[in-house]
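# Structural overview
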Amino acid sequence: MSVPIGHSNVVVVGLDGSDSALRAVTWAAAEAARRGAVLRLVHAEMPLPAGALDLTGMVRAALHDEAMTWVRKAVTEANGIAPDVEVEVRVEVGTAAWLLEQESASAALVVVGSRGLGGFTGLLLGSVAVALSCHAMCPVVVVRGTDPVPDGPVVVGVNGSPQNWHVVDRAFAEAEVRGTSLVAVHAWHLPLRHARLAEAVGVGWRSLDVTRDAVVRQRLESCADRHPSVLVERHVVHGSAAGRLLDFARGAALLVVGSRGTGGLRATLLGSTSQAVLHHAPCPVLLVRPTLAEQVEGARHDG
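Source: prediction; values computed, not measured.

When helices and strands are tallied, the chain shows 11 helices and 10 strands. Per-residue burial over the chain gives 46% buried out of 303 residues. Taking as baseline every contact in the chain between residues at least 6 positions apart, the subset at least 24 positions apart corresponds to 78%. Of the accessible surface of the chain, which amounts to about 14,400 Å², a share of 56% is contributed by carbon and sulfur atoms.

The next subject is the pattern of salt bridges. Under the criterion given, the structure shown has 14 salt bridges. The salt bridge partner of arginine 217 is aspartate 213, with a shortest N-O separation of 3.4 Å. Placement of both arginine 217 and aspartate 213 in helix H7 (residues 205-224) is noted, with a separation of four residues, approximately one turn of the helix. The partly exposed category is assigned to arginine 217, whose relative accessible area is 35%. Counted as one network, the salt bridges with shared partners bring together Glu31, Arg34, Arg35, Arg170, Glu174 and Arg178.

Below, the discussion takes up the sheet that holds strand E3 (residues 87-93). With mixed pairing, 10 strands are arranged side by side in an open sheet as E3-E2-E1-E4-E5-E10-E9-E6-E7-E8. The sheet is open, and its two edges are formed by E3 and strand E8 (232-238), each paired on a single side. For this sheet, the mean inter-axis angle between neighbouring strands, taken without regard to orientation, is 25°. As defined by bridge partners, strand E1 (residues 10-14) adjoins strand E2 (residues 38-45) across five bridges and the pair is classed as parallel. Across the sheet, the residue bridging to valine 12 is arginine 40, located in E2. Contacts from helix H1 (residues 19-35) reach E1, E2, strand E4 (109-113), strand E5 (140-143) and strand E9 (254-258) within the one sheet, and its direction differs from that of E4 by about 155°.

Counted at 1.5 Å a residue, the expected span for helix H2 (residues 58-81) with its 24 residues is 34 Å, and the 35 Å between its end C-alpha atoms agrees. Turning to H2, its buried residues number three or more, namely Leu63, Ala67, Trp70, Val71, Ala74 and Ala78. Tucked into the core, H2 has its buried residues touching H1, E2 and E3.

Within the chain, residue pLDDT values average 82, and 80% of them lie at 70 or more. Segment residues 261-269 is flagged for pLDDT under 50; beyond a separation of four residues in sequence, or across chains, it makes 18 contacts in the model. Low pLDDT, under 50, characterises residues 292-296; the predicted model gives this stretch four contacts beyond four residues in sequence or across chains.

Where H1 meets helix H5 (residues 164-178), the closest approach of the two axes is 11 Å, and the angle between their N-to-C directions is 80°. Judged by the inter-axis angle, H1 sits roughly perpendicular to H5. Of H5, the residues touching H1 (which contributes Trp27, Glu31, Arg34 and Arg35) are Arg170, Glu174, Val177 and Arg178. Across the contact of H1 with H5, the residue classes break down as two nonpolar, no polar and six charged.

For strand E7 (residues 182-188), the buried fraction is high: seven of the seven residues fall into the buried class. Neither face of E7 is open: one carries Leu182, Ala184, His186 and Trp188, the other Val183, Val185 and Ala187, and all of them are buried. With four bridges connecting them, strand E6 (residues 154-157) and E7 associate as parallel partners. Residue glycine 157 lies in a different strand from E7, and its bridge partner there is valine 185. As a crossover connection, the stretch from E6 through H5 into E7 is right-handed. In this structure, E7 lies alongside E8, joined through seven bridges in parallel fashion. Considered in E8, the bridge of alanine 187 is made with valine 237.

Attention shifts here to the nonpolar core. With 43 residues, the main nonpolar core has Val11, Val13, Leu39, Val111, Val156, Leu182 and Val256 as its most contacted residues. Broken down by element, the residue count for this core peaks at eight residues, all from H1. Residues Ala44, Leu100, Val142 and Leu245 belong to the second largest nonpolar core, which totals 35 residues.

This brings us to the packing of helix H8 (residues 241-249) against helix H10 (residues 272-280). Between H8 and H10, whose axes approach to 9 Å, the crossing angle comes to 35°. H10 is crossed by H8, and the crossing has right-handed handedness. The residues of H10 that touch H8, namely those facing Ala241, Ala242, Leu245 and Leu246, are Thr273, Ala276, Val277 and His280. Here the contact of H8 with H10 is composed, by residue class, of six nonpolar, two polar and no charged.

Calculation rules
- Every chain is numbered on its own, with residues counted from 1 as its sequence reads.
- Residue-level local features of this predicted model are given only where pLDDT is at least 70; pairs of side-chain atoms are given and counted only at 80 or more, and the full residue set underlies all totals for whole chains, interfaces and linings.
- Values reported for side chains reflect all heavy atoms of the structure, with hydrogen atoms and water molecules removed beforehand.
- Helical segments are the DSSP runs of H or I of at least four residues, strand segments are the runs of E of at least two, and each set is numbered from the N terminus.
- Three labels apply to residues, based on accessible area from a 1.4 Å probe with only protein chains included: buried if under 20% of the type maximum, exposed if over 50%, partly exposed otherwise in between.
- What makes two residues a contact is simply this: any of their non-hydrogen atoms within 4.5 Å.
- Shrake-Rupley sampling with a 1.4 Å probe provides the accessible areas, and residues are treated as covered by the protein chains on show and by no other component.
- We count a salt bridge whenever a side-chain nitrogen from Lys or Arg sits within 4 Å of a carboxyl oxygen from Asp or Glu.
- Here, any two strands with at least 2 DSSP bridges between them count as paired.
- What counts as an axis is a line fitted to C-alpha atoms, over the stretch in contact for a helix, and the angles between N-to-C directions run from 0 to 180 degrees.
- Take the residue count of a helix, subtract one, and multiply by 1.5 Å to get its expected span.
- Scored between 0 and 100, pLDDT is the confidence that the predictor attaches to each residue.
- Angles below 35 degrees are treated as roughly parallel, those above 145 as roughly antiparallel, those between 65 and 115 as roughly perpendicular, and all remaining angles as oblique.
- Following the grouping adopted for this structure description, the nonpolar residues are Ala, Val, Leu, Ile, Met, Phe, Trp, Tyr, Cys and Pro, the charged ones are Asp, Glu, Lys and Arg, and the polar ones are all others, Gly among them.
- The path from the first strand over the helix to the second decides the hand: if it runs clockwise while the strands point away from the viewer, the crossover is right-handed.
- The definition of a nonpolar core used throughout is a set of buried Ala, Val, Leu, Ile, Met, Phe, Trp, Tyr and Cys residues joined through side-chain atoms within 4.5 Å.
- Here a crossing is taken to be left-handed if its near helix is turned anticlockwise relative to the far helix by less than a right angle, and right-handed if that turn runs clockwise.

As structure tokens, this is what we get:
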């Protein structure tokens, strides 16, 4: 399995005491076993509010005791899933996004749950996951869905952009390591709302399907030679990219999407499609940011 250059073979998972985080731990443990990697459990203890008094240290001690209770439970869960995987623990005072961004500088993968402690839908996605998608230096998985399908296919969205090559190539790699198939989906909106109307005014939408299918096939062929054992299903469909990806993600082991990188507003960096699937996907979502080497390789294949 690919590890970013200069990174170690460590799978990091964020822990906050929530059921969502425990699901992330079990997923990360299985992933570490698949990779032959070390599993590192990371928890950020809540900083005390500015001006708060803790003269005896009782508040900090209580927060630490709570954290260690969560850690022990998580270690037990991880050992039950992958007893041969080495487990490390890091507990520090700070914010989760800051601590996990630090970890991403040397990890192969960072894994987080989709809901924070307290059960507020989107809480984690509004802060930690979005921050990691913008600034993490390794791929990030947001574990969604309550009924994992580990032997399901890997699903990826395909388009003609130069940035898409590294996303597709990573999806091939994920399918390869899992011994499963790859479902490649290209979705586009019809020129007019209804197909018959489009044909009536001379828009050959069926021929556009053929043209787009050729682009998708070329994109896949540029990656397939690196992963010859992966069987590929190719789908050119109509509708929104997010909506159709979510359709195909039912029963999938993983949904792979791209992250645009840094610069600008965090809320727009993730992209509307990636944001939509992060909030609604029925399976874990892998967010991929290109390394410099992958950007160069992608440009070569697109050239």
